[in-house]
Amino acid sequence: MRFLPLIPSLGLLLSAVVGCSSERPAASGSTAEKLPGAAVTTIYVVRHAEKETSPALTDPPLTPAGEQRALTLRDTLGSRNIEALYVTNTVRSRATAAPLATALQRTPQVYDKPADLAARILREQKGKTVLVVGHSNTLLPLVSALGATSEITTVEDGEYDYLFEVKVPPSGAATVVTHRFGAEQ
(Lines give C-alpha, C1' and ligand atoms only; values in the text may rest on other atoms or scores of the structure.)
Protein backbone atom coordinates (compact mmCIF):
# COMPACT_ATOMS: atom_id res chain seq x y z
CA MET A 1 0.00 0.00 0.00
CA ARG A 2 2.96 2.33 0.25
CA PHE A 3 3.17 2.52 -3.59
CA LEU A 4 -0.27 4.06 -4.10
CA PRO A 5 0.91 7.64 -3.46
CA LEU A 6 3.59 7.13 -6.16
CA ILE A 7 1.09 6.23 -8.89
CA PRO A 8 -0.38 9.76 -9.21
CA SER A 9 3.15 11.21 -9.16
CA LEU A 10 4.26 8.77 -11.87
CA GLY A 11 1.24 9.71 -14.00
CA LEU A 12 2.10 13.39 -13.61
CA LEU A 13 5.72 12.71 -14.57
CA LEU A 14 4.65 10.75 -17.70
CA SER A 15 2.28 13.56 -18.69
CA ALA A 16 5.11 16.05 -18.41
CA VAL A 17 7.47 13.90 -20.49
CA VAL A 18 4.89 13.28 -23.22
CA GLY A 19 3.99 16.97 -23.22
CA CYS A 20 7.63 17.95 -23.71
CA SER A 21 8.18 15.55 -26.56
CA SER A 22 5.14 16.78 -28.46
CA GLU A 23 6.26 20.38 -28.05
CA ARG A 24 9.82 19.85 -29.30
CA PRO A 25 9.20 19.93 -33.08
CA ALA A 26 7.23 23.18 -32.87
CA ALA A 27 9.92 24.85 -30.80
CA SER A 28 12.73 24.06 -33.24
CA GLY A 29 10.89 24.87 -36.48
CA SER A 30 8.71 23.01 -38.92
CA THR A 31 9.70 19.71 -40.45
CA ALA A 32 9.87 21.32 -43.91
CA GLU A 33 12.51 23.74 -42.68
CA LYS A 34 14.69 20.82 -41.58
CA LEU A 35 14.48 18.82 -44.81
CA PRO A 36 17.46 19.18 -47.13
CA GLY A 37 16.55 21.25 -50.16
CA ALA A 38 13.29 22.54 -48.68
CA ALA A 39 14.17 26.12 -49.61
CA VAL A 40 15.43 25.36 -53.12
CA THR A 41 13.82 27.57 -55.76
CA THR A 42 13.03 25.64 -58.95
CA ILE A 43 12.55 27.50 -62.21
CA TYR A 44 11.43 25.72 -65.37
CA VAL A 45 12.42 27.74 -68.44
CA VAL A 46 10.99 26.95 -71.88
CA ARG A 47 10.74 28.61 -75.23
CA HIS A 48 7.27 29.30 -76.58
CA ALA A 49 5.97 26.43 -78.70
CA GLU A 50 5.98 26.33 -82.52
CA LYS A 51 4.65 29.53 -84.07
CA GLU A 52 3.20 30.48 -87.43
CA THR A 53 6.03 31.75 -89.65
CA SER A 54 4.20 34.06 -92.03
CA PRO A 55 6.18 37.30 -92.40
CA ALA A 56 2.88 39.21 -92.44
CA LEU A 57 2.24 38.32 -88.78
CA THR A 58 3.88 40.66 -86.26
CA ASP A 59 2.68 38.61 -83.26
CA PRO A 60 2.18 35.10 -84.62
CA PRO A 61 0.00 32.49 -82.89
CA LEU A 62 0.96 28.87 -82.30
CA THR A 63 0.69 26.27 -85.01
CA PRO A 64 -1.30 23.09 -84.35
CA ALA A 65 2.02 21.42 -83.45
CA GLY A 66 2.68 24.30 -81.03
CA GLU A 67 -0.73 23.88 -79.45
CA GLN A 68 0.04 20.19 -78.95
CA ARG A 69 3.41 21.04 -77.39
CA ALA A 70 1.66 23.45 -74.99
CA LEU A 71 -0.61 20.58 -73.89
CA THR A 72 2.45 18.38 -73.43
CA LEU A 73 4.01 21.09 -71.27
CA ARG A 74 0.88 21.07 -69.11
CA ASP A 75 1.08 17.30 -68.78
CA THR A 76 4.82 17.40 -68.06
CA LEU A 77 4.70 20.09 -65.36
CA GLY A 78 1.13 19.80 -64.08
CA SER A 79 2.11 17.88 -60.94
CA ARG A 80 5.22 19.94 -60.11
CA ASN A 81 3.51 22.41 -57.72
CA ILE A 82 4.08 25.41 -59.99
CA GLU A 83 3.14 28.48 -57.98
CA ALA A 84 3.78 31.20 -60.54
CA LEU A 85 3.98 31.47 -64.32
CA TYR A 86 5.82 34.20 -66.22
CA VAL A 87 5.38 34.92 -69.93
CA THR A 88 6.48 37.55 -72.40
CA ASN A 89 3.81 39.82 -73.82
CA THR A 90 3.31 37.82 -77.02
CA VAL A 91 0.46 35.64 -78.24
CA ARG A 92 2.77 32.62 -78.66
CA SER A 93 4.24 32.88 -75.15
CA ARG A 94 0.84 33.30 -73.48
CA ALA A 95 -0.62 30.44 -75.56
CA THR A 96 2.24 28.13 -74.57
CA ALA A 97 1.54 28.71 -70.88
CA ALA A 98 -2.26 28.76 -71.20
CA PRO A 99 -3.08 25.04 -70.77
CA LEU A 100 -0.92 24.79 -67.62
CA ALA A 101 -2.23 28.11 -66.26
CA THR A 102 -5.80 26.91 -66.75
CA ALA A 103 -5.11 23.54 -65.13
CA LEU A 104 -3.46 25.20 -62.12
CA GLN A 105 -5.90 28.13 -62.01
CA ARG A 106 -3.03 30.63 -62.09
CA THR A 107 -2.74 33.86 -64.04
CA PRO A 108 0.57 34.23 -65.89
CA GLN A 109 2.51 37.41 -65.16
CA VAL A 110 4.15 39.32 -68.00
CA TYR A 111 7.87 40.04 -67.87
CA ASP A 112 10.21 41.94 -70.14
CA LYS A 113 13.89 41.54 -69.27
CA PRO A 114 15.44 38.18 -68.22
CA ALA A 115 17.80 39.73 -65.64
CA ASP A 116 14.97 41.69 -64.00
CA LEU A 117 12.80 38.57 -63.95
CA ALA A 118 15.57 36.48 -62.37
CA ALA A 119 15.93 39.01 -59.55
CA ARG A 120 12.16 39.10 -59.09
CA ILE A 121 11.84 35.31 -58.92
CA LEU A 122 14.68 34.99 -56.43
CA ARG A 123 13.11 37.71 -54.30
CA GLU A 124 9.39 36.87 -54.54
CA GLN A 125 9.35 33.11 -55.22
CA LYS A 126 12.13 31.90 -52.92
CA GLY A 127 11.70 28.21 -52.15
CA LYS A 128 8.89 27.80 -54.70
CA THR A 129 8.55 26.38 -58.20
CA VAL A 130 7.83 28.56 -61.23
CA LEU A 131 7.58 28.36 -65.01
CA VAL A 132 9.00 30.95 -67.40
CA VAL A 133 8.05 30.95 -71.08
CA GLY A 134 10.48 32.95 -73.21
CA HIS A 135 12.11 33.07 -76.62
CA SER A 136 15.14 31.49 -78.28
CA ASN A 137 17.24 34.55 -77.42
CA THR A 138 16.05 34.93 -73.79
CA LEU A 139 16.25 31.39 -72.38
CA LEU A 140 19.99 31.17 -71.85
CA PRO A 141 20.35 34.76 -70.54
CA LEU A 142 17.66 33.93 -67.95
CA VAL A 143 19.38 30.69 -66.93
CA SER A 144 22.61 32.65 -66.55
CA ALA A 145 20.93 35.46 -64.58
CA LEU A 146 19.62 32.80 -62.19
CA GLY A 147 23.24 31.82 -61.54
CA ALA A 148 23.41 28.57 -63.51
CA THR A 149 25.60 27.60 -66.45
CA SER A 150 24.05 25.51 -69.19
CA GLU A 151 25.90 23.07 -71.43
CA ILE A 152 23.64 24.39 -74.22
CA THR A 153 25.25 27.45 -75.77
CA THR A 154 22.57 28.45 -78.26
CA VAL A 155 18.92 27.77 -78.97
CA GLU A 156 18.35 27.64 -82.70
CA ASP A 157 15.32 29.24 -84.30
CA GLY A 158 13.70 25.86 -85.05
CA GLU A 159 14.26 24.37 -81.56
CA TYR A 160 11.19 24.37 -79.33
CA ASP A 161 11.73 21.33 -77.13
CA TYR A 162 14.23 22.48 -74.51
CA LEU A 163 13.03 22.44 -70.90
CA PHE A 164 15.64 23.91 -68.58
CA GLU A 165 15.21 22.99 -64.92
CA VAL A 166 17.15 25.49 -62.83
CA LYS A 167 17.57 24.86 -59.10
CA VAL A 168 18.73 27.71 -56.88
CA PRO A 169 19.58 26.55 -53.34
CA PRO A 170 19.56 28.94 -50.38
CA SER A 171 23.36 28.82 -50.48
CA GLY A 172 25.80 27.47 -53.01
CA ALA A 173 25.72 27.41 -56.77
CA ALA A 174 22.63 27.16 -58.93
CA THR A 175 22.40 24.16 -61.25
CA VAL A 176 20.58 23.46 -64.48
CA VAL A 177 19.43 20.20 -66.03
CA THR A 178 18.30 20.25 -69.65
CA HIS A 179 15.36 18.06 -70.67
CA ARG A 180 13.56 17.67 -73.97
CA PHE A 181 9.77 17.55 -74.19
CA GLY A 182 7.06 17.28 -76.83
CA ALA A 183 7.12 16.08 -80.40
CA GLU A 184 10.35 15.30 -82.18
CA GLN A 185 11.53 17.95 -84.61
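Residues numbered from 1 in each chain as written. Predicted model: local features only at pLDDT ≥ 70, side-chain atom pairs only at ≥ 80, totals over all residues. Heavy atoms only, no water.

The name given to the protein chain in an unreviewed UniProt entry is Phosphoglycerate mutase, with Hymenobacter roseosalivarius DSM 11622 as the source organism.

Regarding the packing of aromatic side chains
When we look at a pair of aromatic rings, we describe it by the centre distance and by the angle of the planes. All told, the structure shown has one aromatic pair when counted by the stated rule. Ring centres of Tyr162 and Phe164 lie 5.5 Å apart, and the angle between their planes is 25 degrees; on these two criteria the pair is classed as stacked. This pair shows no difference in class: Tyr162 is buried, exactly as Phe164 is. Between Arg69 and the ring centre of Phe181, over which it is positioned, the NZ or CZ distance is 5.6 Å. (Phe/Tyr/Trp six-rings, centres within 6.5 Å; stacked < 30°, edge-to-face > 60°. Buried < 20%, exposed > 50% of the residue type's maximum accessible area, 1.4 Å probe, protein only. Lys NZ or Arg CZ within 6 Å of the ring centre and 35° of its normal.)

Considering the pattern of salt bridges
The tally for this structure, following the rule as stated, stands at eight salt bridges. As a salt-bridge pair, Arg47 and Asp157 come within 3.4 Å of each other at their nearest N and O atoms. In this pair, Arg47 is assigned in strand 1 (residues 41-47) and Asp157 in the loop between helix 6 (139-145) and strand 5 (162-168), connecting sequence segments 110 residues apart. The exposure class of Asp157 is exposed, given its relative accessible area of 52%. A salt bridge links Arg92 to Asp59, with the shortest nitrogen-to-oxygen separation between them at 3.5 Å. Linking Arg92 in helix 4 (residues 91-104) with Asp59 in the loop between strand 1 and helix 3 (64-77), this pair joins segments that are 33 residues apart in sequence. (Salt bridge = Lys/Arg side-chain N within 4 Å of Asp/Glu carboxyl O. Helix = DSSP H or I, 4+ residues; strand = E, 2+ residues; numbered from the N terminus.)

Concerning the pairing of strand 1
Most of strand 1 is tucked away: seven of the seven residues are buried. On strand 1, burial covers both faces: Thr41, Ile43, Val45 and Arg47 on one face and Thr42, Tyr44 and Val46 on the other are all buried. Sheet topology note: the strand 1/strand 5 ladder contains six bridges and is antiparallel. Paired with Tyr44 across the two strands is Glu165, which belongs to strand 5. Of the strand pairs in this sheet, strand 1 and strand 4 (residues 129-134) are connected by six bridges, and their pairing is parallel. Across the sheet, the residue bridging to Val46 is Val133, located in strand 4. (Pairing = 2+ DSSP bridges.)

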